[in-house]
Amino acid sequence: MPADETPAAAAADAIVALDELTRRLRVECPWDREQDERTIVPHTLEEAYELADAAQRRDDGKLLDELGDVLFQVHFLSLLLEERGAGSLADVAEHVRQKLIRRHPHVFGAVEVENAGEVLKNWDAIKATEDGREPGIFGEVPENLPSLLYARKVQRRSASTGFDMEHVPFDAVAGQLEVLEAAADSDARFEAAGDLLFAAVNLARKLKVDPELALRSSADRFRARVSAAEQLAEAEGASWSELDTGRQVNYYAQARLQEEDPTP
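Below: a short report on this structure. (Residues numbered from 1 in each chain as written. Predicted model: local features only at pLDDT ≥ 70, side-chain atom pairs only at ≥ 80, totals over all residues. Heavy atoms only, no water.)

1. A closer look at the packing of aromatic side chains
Inference 1: By the definition in use, this model includes two aromatic pairs.
Inference 2: Measuring from centroid to centroid gives 6.0 Å for Phe72 and Phe76, while their planes differ by 55°, and the two rings are tilted. Taken together, the residues Phe72 and Phe76, both in helix α4 (residues 60-83) and four residues apart, mark about one turn of the helix. Across the pair, exposure class does not vary: Phe72 and Phe76 are buried alike.
Inference 3: Both rings, one in Phe222 and one in Tyr252, keep their centres 5.9 Å apart while their planes meet at 50°; by these two values the pair is tilted. Placement of the pair is Phe222 in helix α11 (residues 211-235) and Tyr252 in helix α12 (residues 245-260), with a sequence separation of 30 residues.
Inference 4: Residue class for Phe222 comes out partly exposed when judged on its relative accessible area of 49%. (Phe/Tyr/Trp six-rings, centres within 6.5 Å; stacked < 30°, edge-to-face > 60°. Helix = DSSP H or I, 4+ residues; strand = E, 2+ residues; numbered from the N terminus. Buried < 20%, exposed > 50% of the residue type's maximum accessible area, 1.4 Å probe, protein only.)

Below is the structure:
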């Protein structure tokens, strides 16, 4: 960025350049010419997950890269709208600008709030009154969300109406675990397992923990520990897959100890 150029001007120039590139790809690239919103959205989702991963890892270099990929997706999908006469990148930007102004009356209006919780409550109330929205508490909750995010979204919508526990529901998770332990058949176990997971998501929500990222982080830790345990076994001439469970658990425990104290 030139020394005399403001960040806003630099961003505007870069956006225009990316828009020009997107239009050229749409015309000159055979792959880009074939795409529509249904074929491109799987790539959009993939880029969004990669962005979330970079943010979770606090990798600024990767975050910058993935933000660019997501921005290109926005440009491409906006261009598809333009081709159908249904909108444009400018319309997309203006629409979200107006929406953010409308949903932040404590910034752009006279509403006063004391904390972030009141901001979210106002946001949900304003959102429910906007034109074109599906009626009902759960209107426009996407049913194709990943299960953990879908559960949290449903819980948040319910909470926005006042139907929410004031306390952190540790007891609800414990209670659902007891129900699962007592389940007598596969149908009952299926239902109880779902209720337990739903209760765990609600607990995470109340603790302000993202359940999707928390579970992914846990899975990553487990993966790293099992890989480390396999390496420990191989270092002693053992094949991980041929070990009995007891010895595998022993190596896994060693891997966890090394994780807590990595000094040799």
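The structure having been displayed, the exposition proceeds.
2. Overview of the nonpolar core
Inference 1: Formed by Ala229, Leu232, Ala233, Ala238, Trp240, Leu243, Tyr251, Tyr252 and Ala255, the largest nonpolar core amounts to nine residues.
Inference 2: Breaking this core down by element, the ones donating at least two residues are α11 and α12. (Core = buried A, V, L, I, M, F, W, Y, C linked by side-chain atoms within 4.5 Å.)

3. What about α12?
Working note: α-helix, 3.6 residues per turn, so residues spaced by three or four point in the same direction.
Inference 1: Under the 1.5 Å per step criterion, the end-to-end length of α12 is 23 Å for 16 residues, consistent within 8% with the ideal 22 Å.
Inference 2: Of all the residues in α12, the buried ones are Gln248, Tyr251, Tyr252 and Ala255. For α12, the angular spread of buried residues about the axis comes to 105°, placing them on one side. α12 presents Gly246, Leu257 and Glu260 as exposed residues on the side facing more than 90 degrees away from its buried surface.
Inference 3: Looking at the buried residues of α12, the elements they touch are α11. (Expected span 1.5 Å × (residues − 1). Arc of directions from axis to C-beta. Contact = heavy atoms within 4.5 Å.)

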